[in-house]
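Remarks on the overall topology
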Amino acid sequence: PCGSSISPDQQRIVEKQFADRKAANLTAPELTAKFATTISVVWNTIVETSGGKGSVTDKQIDDTISKLNASFLGSGFSFVLTLRRRYVSQAWFNADKNSNDEKAMRKQLRQGDATTLNIYTTNFGELNPKLLGHSTFPWDYSPGADKYLDGVVVKYIVVSGGSIAKINASFLGSGFTFVLTLRRRYVHPPWFNGDKNSEEEKAMKKQLRQGDAKTLNIYTTNFGDLNPKLLGHATFPWDYSPGANQYLDGIVVKYIAVSWGSATNYNSGAVFAHEVGHWLGLYHTFQNGCAKSGEFDGDYVSDTPAQANATSGCPPIRDSCPNLPGRDPHHNFMDYSYDRCRDNFTPGQFARIKD
């Protein structure tokens, strides 16, 4: 997913220069500037059309800067947002990595010197559909005509600070993209505290649901007292009925399990990826336990090894079906592992949801 790489020959040259400078206690002037303690950030949001694909909110930008500072805490580096801008350009929005369109975007927009981090959010093109981002290295910086090439380009759907971004990142490569078209807020204690499939929850869905079978309706509530550990539930695609009961379709997630929520170990958005997986037709990876053949063929996905039961926590290795090939897929979104442990769907799962 990352498009930043260096060849072995380049690596040998750069690392030798680095070692020589370190041994001589020298630092190249351009790198001294590059590694200033405070990094100014210029954020360039590129959208396809006005009000269309590519939109990134101020909160998402602010959350991403906060995430950068948290990630580099203790390094001596801090990131300060000095400028945010928005541009409408279909060519730039869909530009492939290092294409002429991407270079033209950078040449027109780049600000500052080596101490300025320029970030561009785009969609990339079709040459590498799994690409999430790419960047230049510090030794690529040249304080001359080509300095505009310096910076970071990130796919807009994975920008921090939102559960929709997490869902899109989780399903990258599946062929599915999720676009937020409407957000609403309601004050209603019976709906907020409605148990799974209760009359209160049904009433909420009946009044609020929008769209057809292609519209994912997400509801965040608190659930009731019947199952205090419940973080979410979803309907399956075969549950959808285009008639009087179509309002039941959708997913409901406990509000504290959203990205940046307060649910311990379950607040990075993996709960949303999990429930959307169900909505698209995926079972738990531990469905039917160690049965991986016959009438009940596990989760009916060939590349998820058999798993006897749900994972608790984030163990380094787990093998609950030792007599069958493979170890438990506890890093899969369709298990119950902690959010930090879950990071993938398999090609077989993506094939299933397309069938």
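Scroll up a little and you will see the structure.
Summary of the structure given here.

About the criteria used
- Residues numbered from 1 in each chain as written.
- Predicted model: local features only at pLDDT ≥ 70, side-chain atom pairs only at ≥ 80, totals over all residues.
- Heavy atoms only, no water.
- Helix = DSSP H or I, 4+ residues; strand = E, 2+ residues; numbered from the N terminus.
- Buried < 20%, exposed > 50% of the residue type's maximum accessible area, 1.4 Å probe, protein only.
- Areas by Shrake-Rupley, 256 points an atom, 1.4 Å probe, with all protein chains shown as cover.
- Lys, Arg positive; Asp, Glu negative; His and termini not counted.
- Charge placed at Lys NZ, Arg CZ, Asp CG, Glu CD.
- Contact = heavy atoms within 4.5 Å.
- Salt bridge = Lys/Arg side-chain N within 4 Å of Asp/Glu carboxyl O.
- Pairing = 2+ DSSP bridges.
- Axes fitted to C-alpha atoms, helices over the stretch in contact; angles between N-to-C directions.

**Some points on the overall build of the protein**
Check the secondary structure of the protein and you find 10 helices and 8 strands. Structurally, the protein occupies a C-alpha span of about 70 × 50 × 35 Å along its principal axes. Out of the 355 residues in the protein, the part that is buried amounts to 42%. Total accessible area computed for the protein in this model is approximately 19100 Å², and 53% of it derives from carbon and sulfur atoms. Distance from the positive charge centre (38 side chains) to the negative charge centre (35 side chains) of the protein: 4 Å.

**Regarding helix α6 (residues 163-170)**
Inspection of α6 places Ser163, Ala165, Ile167, Asn168 and Ser170 among the buried residues, and these make up the whole buried set. Against α3 (58-71), β6 (218-221), α9 (270-279) and α10 (347-354) lie the buried residues of α6.

**Comments concerning the pattern of salt bridges**
Per the stated rule, a full pass over the model turns up 10 salt bridges. Notably, a salt bridge pairs Asp9 with Arg12, separated by 2.2 Å at the nearest N-O pair. Pair noted here: Asp9 and Arg12 are both in helix α1 (residues 8-23), with a separation of 3 residues, about one helical turn. A relative accessible area of 54% places Arg12 in the exposed class. Residue Glu102 is joined to Arg106 by a salt bridge in which the shortest nitrogen-to-oxygen separation is 3.9 Å. With a gap of 4 residues between them, Glu102 and Arg106 both fall in helix α5 (residues 100-109), about one helical turn apart.

**Observations regarding unusual backbone geometry**
Positive phi, close to 60 degrees, is recorded for Asn98, a residue that is not glycine. Take Asn98: it is sitting in the loop between α4 (90-93) and α5. Classification of Asn98 by relative accessible area gives partly exposed; the value is 44%. Backbone geometry at Asn288 places phi at a positive 65 degrees, although glycine is not the residue there. The residue Asn288 is located in the loop between α9 and α10 in this model.

**Thoughts on the sheet that holds strand β3 (residues 116-122)**
With mixed pairing, 5 strands are arranged side by side in an open sheet as β2-β1-β3-β5-β4. Looking along the sheet, the strands with just one partner apiece sit at the ends: β2 (78-88) and β4 (133-135). Strand-to-strand twist across the sheet, computed as the mean angle between neighbouring axes with direction ignored, equals 15 degrees. As paired strands, strand β1 (residues 38-47) and β2 are joined by 10 bridges and run parallel to one another. Note on β2: the bridge partner recorded for Val42 is Leu83. Relative to the sheet, α3 contacts β1 and β2, its axis offset from that of β2 by approximately 150 degrees. Sheet strands in contact with α5 are β1, β2, β3, β4 and β5 (152-155), and its direction is about 135 degrees off that of β3.

**Examining the pairing of β3**
The buried fraction of β3 is high, at 7 of 7 residues. Neither face of β3 is exposed, since Thr116, Asn118, Tyr120 and Thr122 on one face and Leu117, Ile119 and Thr121 on the opposite face are all buried. In the sheet, β1 pairs with β3 via 6 bridges, with the strands oriented parallel. Looking at the pairing, Val41 lines up with Leu117 of β3. Inspection of the sheet shows β3 paired to β5 by 4 bridges, in the parallel sense. Counted as the bridge partner of Thr121 is Val154 from β5.

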